[in-house]
Amino acid sequence: MGLTDMRVFVTRKIPGPGMKILEGSGAAVTVCQSREDAGVTREELLAGVRSSDVLVPLLTEPIDREVLAANERLLGVAQMAVGFNNIDVEAATDLGVPVTNTPGVLTETTADCAWALILASARRVPQAHNYMVGGNYKLWGPNLLLGDDVGPGGSGIRKVLGVIGYGRIGQAVAKRAWGFDMDVLAFDPYNRDGVESSEFASWADFDDLLERSDFVTLHNLLTEETHHLIGAAELRKMKPTAHLINAARGPVVDEKALVQALQEGWIGGAGLDVYEDEPAMAPGLAECENAVLLPHVASATSDTRGLMATMAANNAIAHLRRERAPNVVNPEVYETEAYRNRIGTSGSA
Ligand code: GLV
């Protein structure tokens, strides 16, 4: 099917390889002209959807029922991210709109970043960097910037990594722990078999994992069930020396409780890539000496972002062609009357 009379709305410019595929498809591609640091406004988003056949959004845009319903000809949403908690997938399915994401290509990159946070939090890397560039280093000191071992160190005592969420990324994080001679516990009620058959981790119940781990790292999806999965009660169960790592989604952690935990020494430290009310931080977090804070960059390498953009663009083209998209997150949509009506082939999807 020719795509020359079709239109794609991209909320913010995606990396080159993806733009190239979209532009080479023959479809007219509109990139929202909002300021790069402000993002697309609600009005721009609605107007873009109304005048397009496919939407390519980012995780920063709420794609709710109103947006999805704004255009009865919308053929699909091709998000450039693996997470899709910003999209009302249930509404999309009701309305007959296929939604796609970009799984797999960012697994290793994100696992590397979780490990960067583990090491940086344990060894106080940003604090040491700031000390150095602040001109404070005058003399080597036996008590200067002492951190925590990640591996067994000289004592030979193995540290414990607790992985919550044992999907692709959790497993890649667990695998890396073996290079550090760590014991790995994992908890994932949706993948208990995966944990129990894994050569890289042993199953632990949630509380047991919190109590036994020296590092707790979050790799679960954000859902109603996992909102504030880690709150004051959970932080109090962790060891006072433990580090909490979050490269999943901010609202999985009650950030106010985390600030209190860091200030009052309930835990030893935290490494965060995501925030509850991103891009804002909870009051006091920026001042916590024992927090390592990144601006949601876990998948941010040139190669990986190029691959994510490529994947999103290929999904967008499948939507434009009314074909089953490779990375659809609501495959049941293809069986619905709403979808058949939308693509204009009632009874023959
Ligand atoms: C990043 O957070 C993603 O979901 O791709």
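Predicted, not measured: the structure shown is a model, and the values here were computed from it. (Residues numbered from 1 in each chain as written. Predicted model: local features only at pLDDT ≥ 70, side-chain atom pairs only at ≥ 80, totals over all residues. Heavy atoms only, no water.)

Visitor: Even after reading the chapter, I still don't get the site of the ligand, so can you show me in this structure?
Guide: In the vicinity of the ligand, the contacting residues are Leu-59, Ala-81, Val-82, Gly-83, Leu-106, Arg-249, His-296 and Met-308. Within the backbone of Val-82, a nitrogen or oxygen atom sits 2.8 Å from an oxygen atom of the ligand. One nitrogen or oxygen atom from the side chain of Arg-249 is found 2.7 Å from an oxygen atom belonging to the ligand. Out of a free accessible area of 190 Å², the ligand has 89% covered by protein chains. In terms of residue class, the shell around the ligand is made up of five nonpolar, two polar and one charged. (Near = heavy atom within 4 Å. Polar contact = N/O pair within 3.5 Å; in protein donor to acceptor, adjacent residues only side chain to side chain. Areas by Shrake-Rupley, 256 points an atom, 1.4 Å probe, with all protein chains shown as cover. Nonpolar A, V, L, I, M, F, W, Y, C, P; charged D, E, K, R; others polar.)

Visitor: Explanation requested: the side chain of Thr-226 in the structure shown.
Guide: As for its position among the elements, Thr-226 is in the loop between β9 (215-218) and α10 (232-237). Assessed through its relative accessible area of 11%, Thr-226 is described here as buried. The residues touching Thr-226, leaving out its near neighbours within four places in the chain, are Asn-220, Leu-221, Pro-251 and Val-252. (Helix = DSSP H or I, 4+ residues; strand = E, 2+ residues; numbered from the N terminus. Buried < 20%, exposed > 50% of the residue type's maximum accessible area, 1.4 Å probe, protein only. Contact = heavy atoms within 4.5 Å.)

Visitor: Hey, could you run me through the nonpolar core in this one?
Guide: Across soluble globular proteins, nonpolar side chains have a tendency to be buried as a group. Residues Leu-161, Ile-164, Leu-235 and Leu-244 are the most contacted members of the largest nonpolar core, which totals 89 residues. Ranked by residue count, the leading element in this core is helix α12 (residues 302-320), at eight residues. Counting contributing residues, this core receives three or more from each of domain 1 (7-104 + 301-344) and domain 2 (107-293). Beyond its immediate chain neighbours, meaning those up to four positions away, Leu-161 contacts Trp-115, Ile-118, Val-173, Ala-177, Met-182, Asp-183, Val-184, Leu-185, Ser-213, Phe-215 and Thr-217. Listed in part, the 18 residues of the second largest apolar core include Leu-46, Val-67, Leu-68 and Val-77. (Core = buried A, V, L, I, M, F, W, Y, C linked by side-chain atoms within 4.5 Å. Domains from an automatic or database assignment.)

Visitor: Any chance you could explain the pattern of salt bridges here in plain terms?
Guide: Opposite charge on two side chains permits pairing when their charged atoms draw close. Tallied over the full model, the rule gives 14 salt bridges. Between Asp-94 and Arg-65 there is a salt bridge; the shortest N-O distance is 2.7 Å. In this pair, Asp-94 sits in helix α4 (residues 89-95) while Arg-65 sits in helix α3 (residues 65-68), placing the two residues 29 residues apart along the sequence. Judged by its relative accessible area of 47%, Asp-94 is partly exposed. Classification of Arg-65 as partly exposed rests on a relative accessible area of 39%. For Glu-289, the salt bridge identified is with Arg-124, shortest N-O distance 3.5 Å. Remark: Arg-124 occurs in the loop between α5 (107-123) and α6 (125-133) and Glu-289 occurs in the loop between β11 (269-272) and β12 (291-293); sequence separation between them is 165 residues. Judged by its relative accessible area of 52%, Glu-289 is exposed. (Salt bridge = Lys/Arg side-chain N within 4 Å of Asp/Glu carboxyl O.)

Visitor: Whenever I open this one, helix α7 (residues 168-177) confuses me. Can you help?
Guide: Because the α-helix completes a turn every 3.6 residues, residues three or four places apart line up on one side. When we look at burial in α7, the residues that qualify are Ile-169, Gly-170, Ala-172, Val-173, Ala-174 and Ala-177. Elements in contact with the buried residues of α7: α5, β6 (160-164), β7 (183-187) and β9.

Visitor: Help me understand the packing of helix α1 (residues 16-24) against α12 in this model?
Guide: For the pair α1 and α12, interaxial distance at closest approach is 6 Å and the crossing angle is 20°. The angle between the axes of α1 and α12 places the two elements in the roughly parallel class. Considering how the two elements wind past one another, α1 and α12 form a crossing that is right-handed. Here α1 contributes Pro-17, Gly-18, Ile-21 and Leu-22 to the contact with α12, which in turn contributes Gly-306, Ala-309, Thr-310, Ala-313, Asn-314, Ala-316 and Ile-317. (Axes fitted to C-alpha atoms, helices over the stretch in contact; angles between N-to-C directions. Parallel < 35°, antiparallel > 145°, perpendicular 65-115°, else oblique. Left-handed = near helix turned anticlockwise from the far one by under 90°.)

Visitor: Can you help me understand the domain arrangement of the chain in this one?
Guide: Interface size is commonly expressed as the accessible area that is lost once the parts come together. Segmenting the chain into domains produces domain 1 (7-104 + 301-344) and domain 2 (107-293). Summarising the inter-unit geometry, the C-alpha centres of domain 1 and domain 2 are found 33 Å apart. Across the boundary between the two partners, domain 1 contributes eight residues, which contact five residues of domain 2. A combined buried area of about 620 Å² lies between domain 1 and domain 2, and 52% of that area is made up of carbon and sulfur atoms. For the pair domain 1 and domain 2, the number of links is zero salt bridges. Here domain 1 and domain 2 share three residue pairs in polar contact (both at pLDDT 80 or more) between them. In the side of domain 1 that touches domain 2, the residues fall into three nonpolar, five polar and no charged. (Buried area = accessible area lost by both parts, 1.4 Å probe.)

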